[in-house]
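Secondary and tertiary structure notes
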Amino acid sequence: MTKVHHLLTIVFTQVTEVEDREMQVTAFSTPSSPEWRWRIVNYAGDVIEESRETFRTIATAVASGTQRLTQLNILDRSVSRPTGWSTSRFRSRVARGGTAR
């Protein structure tokens, strides 16, 4: 039997408004590096900055990333890109009395 390992674990995302545009501070870890790091992502999903420093807890990683986002004080002028993914199949299931998975 083959085991499948997730390459990335994202556990907590905090949305912070900077200059009327939402930016996300996300904490993540990987199997090869289980320590937590933060990543700042703009509205379009582009990575703005990622920590080099690692943290023992999710909370400290997000707190540090949020502090860095405040220091950057940048204006996000990005535009969201369409994903091409439709959720209509889930909406129709729920409307018929089913559950969305």
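Note that residues are indexed from 1 along each chain, following the sequence as it is written. Reporting in this predicted model follows two pLDDT cut-offs: at least 70 for local features of residues, and 80 or more for side-chain atom pairs to be given and counted; totals over whole chains, interfaces and linings ignore these cut-offs and use all residues. Each side-chain value is worked out from all heavy atoms of the structure, with water and hydrogens disregarded.

Examining the overall build of the protein chain
We apply this condition: Each helix is a run of DSSP H or I of at least 4 residues and each strand a run of E of at least 2, with the numbering of both proceeding from the N terminus. Throughout this description, buried means an accessible area under 20% of the type-specific maximum (1.4 Å probe, protein chains only), exposed means over 50%, and partly exposed covers the range between. Here the accessible surface of atoms and residues is derived via Shrake-Rupley with a 1.4 Å probe, and residues count as covered only by protein chains that are part of the display.
Of regular secondary structure, the protein chain possesses two helices and four strands. Mapped from its N terminus to its C terminus, the protein chain presents α and β elements in the order β-β-β-β-α-α. Burial analysis of the protein chain (101 residues in total) assigns 24% to the buried set. In the structure as shown, the protein chain presents an accessible area of about 7,800 Å², 51% of it carried by carbon and sulfur atoms.

Structural notes on the nonpolar core
Worth spelling out the cut-off: Take the buried Ala, Val, Leu, Ile, Met, Phe, Trp, Tyr and Cys residues and link them wherever side-chain atoms come within 4.5 Å; each set so joined is a nonpolar core. Any two residues having at least one pair of non-hydrogen atoms within 4.5 Å are treated as being in contact.
Of all hydrophobic cores here, the largest spans 10 residues; its members are Met-23, Val-25, Ala-27, Trp-36, Trp-38, Ile-40, Phe-55, Ala-61, Val-62 and Leu-69. Of all the elements in the fold, those that place two or more residues in this core are strand S2 (21-30), strand S3 (33-41) and helix H1 (58-72). Beyond its immediate stretch of four places on either side in the chain, Phe-55 contacts Glu-35, Trp-36, Arg-37, Trp-38, Thr-60, Ala-61 and Ser-64.

A closer look at the pattern of salt bridges
Note the cut-off: By convention in these notes, a salt bridge is any Lys or Arg side-chain nitrogen within 4 Å of a carboxyl oxygen on Asp or Glu.
Counting across every chain of the model gives three salt bridges. One salt bridge connects Glu-50 with Arg-37, and the closest N-O pair in it is separated by 2.4 Å. Placement of Glu-50 in strand S4 (residues 47-50) and of Arg-37 in strand S3 is noted, with a sequence separation of 13 residues between them. Note that Glu-49 is salt-bridged to Arg-68, the shortest N-O span being 2.9 Å. Taken together, the residues span a long stretch of sequence, with Glu-49 in strand S4 and Arg-68 in helix H1 at a distance of 19 residues. A relative accessible area of 27% means that Arg-68 is categorised as partly exposed. Bridged by salt links that share partners, the residues Arg-37, Arg-39 and Glu-50 form one connected network.

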